[in-house]
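Structural characterization, general
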Amino acid sequence: MDLGLDEQQEMLKNFAHDFLEKECPEELVRKMEEDDKGYEPDLWQKMAAQGWMGLIIPEEYGGTGMRITDLAVLLEEFGRFLVPGPFIPTVVLGGYPIMLAGSEEQKKQFLPKIASGELIMTMALTEPSAKWDADGVQLEAKAEGDGFVLNGTKLFVQDAHVTDYMVVAARTAKGKTPEEGITLLLVDSKSPGVKFEPLRTIAADKQCEVTFENVKVPKANVLGEAGKGWPIVEKTKLLATVAACAYLVGLSQQDFDITLNYAKERVQFGRPIGSFQAIQHKLADVVIDVDGSRFITYKAAWSLQEGEPDAELMASMAKAWCSDASRRVVAHGQQIHGGIGFTKEYKIQLYFRRQKWMELMWGDADYHRELVAQKLEV
Amino acid sequence: MDFRFAPEDEAFRREVRAWLKKNLPSDWEGHLRDESGWGFARGFARKLSERRWVAPQWPVEYGGLGLSHWQQLIYNEEMSYHRAPLGYIAIGVGWTGPTIIIYGTEEQKRQHLAGITAGETMWCQGFSEPNAGSDLASLQTRAVRDGDDYVINGQKIWTSGAHHADWMILLARTDAEAPKHKGISYFLLDMKSPGITVQPLIDVMDNHSFNQVFFENVRVPKSSLLGEENRGWYMATTTLDFERSSIGGAAGALRLLEDLAAYVNETPRNGGTLVGDQRVRWRLADAALEVELGRMLSYRVVSLQARGVVPNYESSTAKLYNTEMQLRLAHAGLEVLGLYGQLKPKSRRAQLRGRLERQYLWQTAMVVGGGTSEIQRNIIAMRGLGLPRG
Ligand SMILES: Cc1cc2nc3c(=O)[nH]c(=O)nc-3n(C[C@H](O)[C@H](O)[C@H](O)COP(=O)(O)OP(=O)(O)OC[C@H]3O[C@@H](n4cnc5c(N)ncnc54)[C@H](O)[C@@H]3O)c2cc1C
């Protein structure tokens, strides 16, 4: 047993930290809030050159073949620097399901291009019902000729407007259970009939409403087997959940670091506010929330990587905890900053607003608490 | 003990309600605290003034109706429940006017009070400075006596509404040698005086609500001094007490809760509506309980006042609890809305007009403004419970 990083992970973490500190400064984060695309193509290419897009893609497909815990370590730094753009969507929501279920041809077509930074992807799963479960997938895909025709709406799809391809979860049949009859389709984002409308969100990230109007998708673009897409979604959701936790760990850590520093420097009543016990106790609570988040996330990432039987339970435990803990962390962060925390100009609010986004992504605390309860009963 | 309002108080509530129904647009949803609200708020204040309802709690001689404490509470509750745009005039009505009534000269009362009750003059509060927030008494803005004037130099920060205000209540140091509480004076400052620069600060909600205000050799006549020189701190404490006991906010929370309940009843989920979800039910039940408790803590303050007792730490308990409760409520509401909760008001897909997203951000400021939660807890512990200073 060892809860620490190995040498290679230490290197990855330190390198990513230094790289992002330089390449993804606060100004860029702010600029991307206003930017239509929401990411910086230059930075995207530089990250690809580090091998990050291909981190978990096997070497034979142009990746570096590293592990899920390595990805978690990297994403923690992404959370720390609030790296804007479609990294998680591309790597986790696009690349990973192809790794899991793609045909040899699909793997060859997509994975090397993801690894090289040429291809941006996402998954279109949730709909106006805003549900993460299989019965939330109602987008209709009708078999027609040599393919499918899509009609319907997806909502809260991350970065869809800048993607080249989307993994779209669609209903091709009404099965006995909601899980049956869902087909994953690799949809060219430029297909006629696909429309994107970015939503205006608290985090100023780029989630989209995507509408499909008679969008034709060839049969060859089915990912896995027709009607049997849901298990692939489930596995992808698992990694996406862990990825969201890793991002929240980094975000929480940075919010805490900034706040701790502020508590040491801000003087009121002739002494640093960090010398008041009211503030000290808050910060002590925060450090438990941050450390706790980190280790439960590492455990979830490791369980998934090792194929442990309780990997799903761990992922849900991690997300239930991280969702709540990170909210407590950033709330204290705001409070300890006083008035300056409420200004747009000062950095702490960037963390506060994004926390809410990741808290909600891939299921909030309640959603995962319910899953934990279900898993415990089994 | 009696938890019922007197018949005449109930009648007053009905009267206020009926008036609001008539004088707010039928689809009125309140302002989401953005700039566009100012014009409407001014017009609304003038309408209120026709009934002497801008500051109905003030004595009749100063343009109010001399309402009882309970009727004042009812007025606050109805305004807050109906989302009347009173935030913009609160500083004048809620805490400047009452301070002037206590400490002002006859001339100052004549000069200032009528403008407030007419809904014409807007006030801002120049207390906080970059290095004097919780520790307000360490403020550094200087006022130096020069003939019949004082000359002001320095800087204020977080000054809400300074960009619209006609007047400012200003705290400045008149004796740099005295102990910090004993060298502060309280001024009534005309915002049109030369030498004042108002610089906007944009808040997390992307609104221009507060400002930095700079003073460069701003001259104020001696007659603008409120009370005695160097006695400003004690009057400021009065002002802050008024600010912290401006209660009735729980009624706004009640309205939000009702909105959420309606949403839950209408939103389909698993063949039924969200109302069938046990977690949602408990969340709303908890929220309802917390709102009721918030009302009781406010009512307790009024109950004391109605018996002629000056509340002590009780105002702080109401301020502390109600602001923190509203932050929790905003969070609970976001949880109920799920992914939709993160959408801003301008989103076509936003639910409940994006009000929860706005509230979630706004309430983080309310647990800071008017004295932070920590400062309220210190007051409760020291002034209320008699614990020694930490
Ligand atoms: C939306 C908004 C509107 C405002 N409008 C106005 C206005 O119109 N006019 C005006 O004058 N001011 C205004 N303020 C300022 C407000 O009064 C101050 O922000 C507040 O008093 C806190 O001061 P500060 O921001 O300097 O924080 P600080 O005093 O620096 O506090 C930082 C942290 O330290 C804590 N702390 C400080 N001292 C202690 C202690 N002794 N024990 C324990 N903890 C402590 C605080 O609770 C806080 O968590 C406004 C603020 C906001 C957010």
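Here the structure is a predicted model, which is why all the values come from computation and not from measurement. (Residues numbered from 1 in each chain as written. Chains lettered and ligands numbered in written order. Predicted model: local features only at pLDDT ≥ 70, side-chain atom pairs only at ≥ 80, totals over all residues. Heavy atoms only, no water.)

1. Digging into the domain arrangement of chain A
Size of an interface: often given as the accessible area lost when the parts come together. Residue and element names in this part refer to chain A. Stated precisely, the cut-off is as follows: As annotated, the domain borders come from an automatic or database domain assignment. A simple way to read buried area is as the amount of 1.4 Å-probe accessible surface that goes missing from two parts once joined, with both sides added. Whenever Lys or Arg places a side-chain nitrogen within 4 Å of a carboxyl oxygen from Asp or Glu, that contact is recorded as a salt bridge. Polar contact is the term for a pair of N or O atoms within 3.5 Å; when the atoms are in protein, one must be able to donate a hydrogen and the other to accept it, and sequence-neighboring residues count only if both atoms are side-chain atoms. Put simply, DSSP H or I for four residues or longer makes a helix, DSSP E for two residues or longer makes a strand, and each gets a number counted from the N terminus. Each residue receives one of three labels: charged for Asp, Glu, Lys and Arg, nonpolar for Ala, Val, Leu, Ile, Met, Phe, Trp, Tyr, Cys and Pro, and polar for the others, Gly being one of them.
Domain assignment breaks chain A into domain 1 (7-120), domain 2 (122-227) and domain 3 (231-376). Each of domain 1 and domain 3 has a C-alpha centre, and these two points are 21 Å apart. Here domain 1 packs against domain 3, burying approximately 2400 Å² in sum over the two surfaces, 67% of which is carbon and sulfur. In terms of surface lost to domain 3, no three residues of domain 1 exceed Glu76, Arg80 and Leu82, which account for 26% of the buried area on that side. One can count 4 salt bridges joining domain 1 with domain 3. Between Glu33 and Arg353 there is a salt bridge, with the nearest N and O atoms lying 2.6 Å from each other. Between domain 1 and domain 3 we count 12 residue pairs in polar contact (both at pLDDT 80 or more) in total. Those elements giving two or more residues to the side of domain 1 that touches domain 3 turn out to be helix 2 (26-34), helix 4 (68-81) and helix 5 (87-101). In the side of domain 1 that touches domain 3, the residues fall into 15 nonpolar, 2 polar and 6 charged.

2. Some thoughts on the site of the ligand
Our working definition: The criterion for a residue being near a molecule or strand is simple. One of its heavy atoms has to lie within 4 Å of it. To be clear on the numbers: accessible area is Shrake-Rupley with a 1.4 Å probe, and residue cover counts the displayed protein chains and nothing else.
As a structural note, the neighbourhood of the ligand is formed by 28 residues, with Arg266 and Gln335 of chain A together with Ser134, Thr372 and Glu374 of chain B the closest of them. Residues within reach of the ligand are spread across chains A and B. Ser134 of chain B places a side-chain nitrogen or oxygen 2.6 Å from an oxygen atom of the ligand. Note that a nitrogen atom of the ligand is positioned 2.8 Å from one of the side-chain N or O atoms of Ser160 of chain B. Burial of the ligand by the protein chains amounts to 93% of its free accessible area of 970 Å². Within the residue set of the shell around the ligand, elements represented by two or more residues are helix 8 (277-306) and helix 9 (311-337) of chain A together with helix 11 (373-384) of chain B. Tallying contributions element by element places helix 11 of chain B first for the shell around the ligand, with 3 residues. Its residues placed into classes, the shell around the ligand shows 12 nonpolar, 14 polar and 2 charged.

3. Focus on the domain arrangement of chain B
Residues and elements named next belong to chain B. This is how the line gets drawn: Whether two residues touch is decided by their heavy atoms; if any such pair falls within 4.5 Å, the residues are in contact.
Splitting chain B by domain gives domain 1 (7-88), domain 2 (124-228) and domain 3 (244-384). Relative to domain 3, the C-alpha centre of domain 1 lies at a distance of 21 Å. Each partner contributes residues to the interface: domain 1 has 15 residues there, and domain 3 has 21 residues. Summed over both partners, the interface of domain 1 with domain 3 buries about 1700 Å², with 55% contributed by carbon and sulfur atoms. At the surface where domain 1 touches domain 3, the tally comes to 2 salt bridges. For Arg295, the salt bridge identified is with Glu77, shortest N-O distance 3.2 Å. Our enumeration of links across domain 1 and domain 3 arrives at 6 residue pairs in polar contact (both at pLDDT 80 or more). The leading source of residues in the side of domain 1 that touches domain 3 is helix 3 (residues 69-81), at 7 residues. Within the side of domain 1 that touches domain 3, the residues separate by chemical class into 5 nonpolar, 5 polar and 5 charged.

4. Comments concerning the side chain of Asn221 of chain A
Residues and elements named next belong to chain A. What counts, and what does not: Three labels apply to residues, based on accessible area from a 1.4 Å probe with only protein chains included: buried if under 20% of the type maximum, exposed if over 50%, partly exposed otherwise in between.
Following the sequence through the fold, Asn221 ends up in the loop between strand 7 (207-218) and strand 8 (222-223). Judged by its relative accessible area of 17%, Asn221 falls in the buried class. Setting aside residues up to four positions removed in sequence, Asn221 forms contacts with Gln106, Tyr165, Leu184, Leu185 and Leu186.

5. Remarks on the packing of aromatic side chains
All names here are of chain A. Using the following cut-off: Here a pair means two rings of Phe, Tyr or Trp (six-membered ring of Trp) with centres within 6.5 Å. Their orientation is stacked below 30 degrees between planes, edge-to-face above 60, and tilted elsewhere.
For the structure on display, the rule yields 29 aromatic pairs over all chains. Judged by centre distance (5.8 Å) and plane angle (75 degrees), the rings of Tyr247 and Trp357 are edge-to-face. Here Tyr247, found in helix 7 (residues 230-265), pairs with Trp357, found in helix 10 (residues 348-360); they are 110 residues apart in sequence, far enough to count as distant. We classify Tyr247 as buried; its relative accessible area is 3%.

6. Digging into helix 5 of chain A
Residues and elements named next belong to chain A. The line we're drawing: In this analysis, the expected span of each helix is defined as 1.5 Å times one less than the number of residues it contains. What is called the bend at a residue is the angle between a pair of axes, fitted to the seven residues leading up to and ending at it and to the seven starting from it.
The first and last C-alpha atoms of helix 5 sit 20 Å apart over 15 residues, in line with the 21 Å expected at 1.5 Å per residue. A bend of about 35 degrees at Gly95 is the largest found in helix 5, and the proline Pro97 appears one to four places after it. Across the 15 residues that make up helix 5, a large majority, 13, are buried.

7. Side note on the side chain of Asn23 of chain B
Residue position: Asn23 of chain B is located in helix 1 (residues 7-23). Its relative accessible area of 14% is what places Asn23 of chain B among the buried residues.

8. Some thoughts on the pattern of salt bridges
Going through the model one piece at a time under the given rule, you end up with 54 salt bridges over all chains. Notably, a salt bridge pairs Asp366 of chain A with Arg283 of chain B, separated by 2.3 Å at the nearest N-O pair. With one member in each of two chains, Asp366 of chain A in helix 11 (residues 365-377) and Arg283 of chain B in helix 8 (residues 278-306) form a pair that bridges those chains. Here Asp366 of chain A and Arg283 of chain B have matching classes, each one buried.

9. Let's talk about the interface of chain B and chain A
Contacts between the two partners involve 44 residues from chain B and, on the opposite side, 48 residues from chain A. Around 4000 Å² of area is buried between chain B and chain A when both sides are counted, 57% of it from carbon and sulfur atoms. If you sort the residues of chain B by the area they bury against chain A, Val204, Leu339 and Gln342 of chain B come out on top, with a joint share of 19%. Inspection of the chain B/chain A interface yields 6 salt bridges. Linking Lys344 of chain A and Asp206 of chain B is a salt bridge whose minimum nitrogen-to-oxygen distance equals 2.6 Å. Counting the contacts that link chain B with chain A gives 25 residue pairs in polar contact (both at pLDDT 80 or more). If you list the elements that add at least two residues to the side of chain B that touches chain A, you get helix 8, helix 9 (314-337), helix 10 (355-366) and helix 11 of chain B. No other element matches helix 10 of chain B, which puts 6 residues into the side of chain B that touches chain A.

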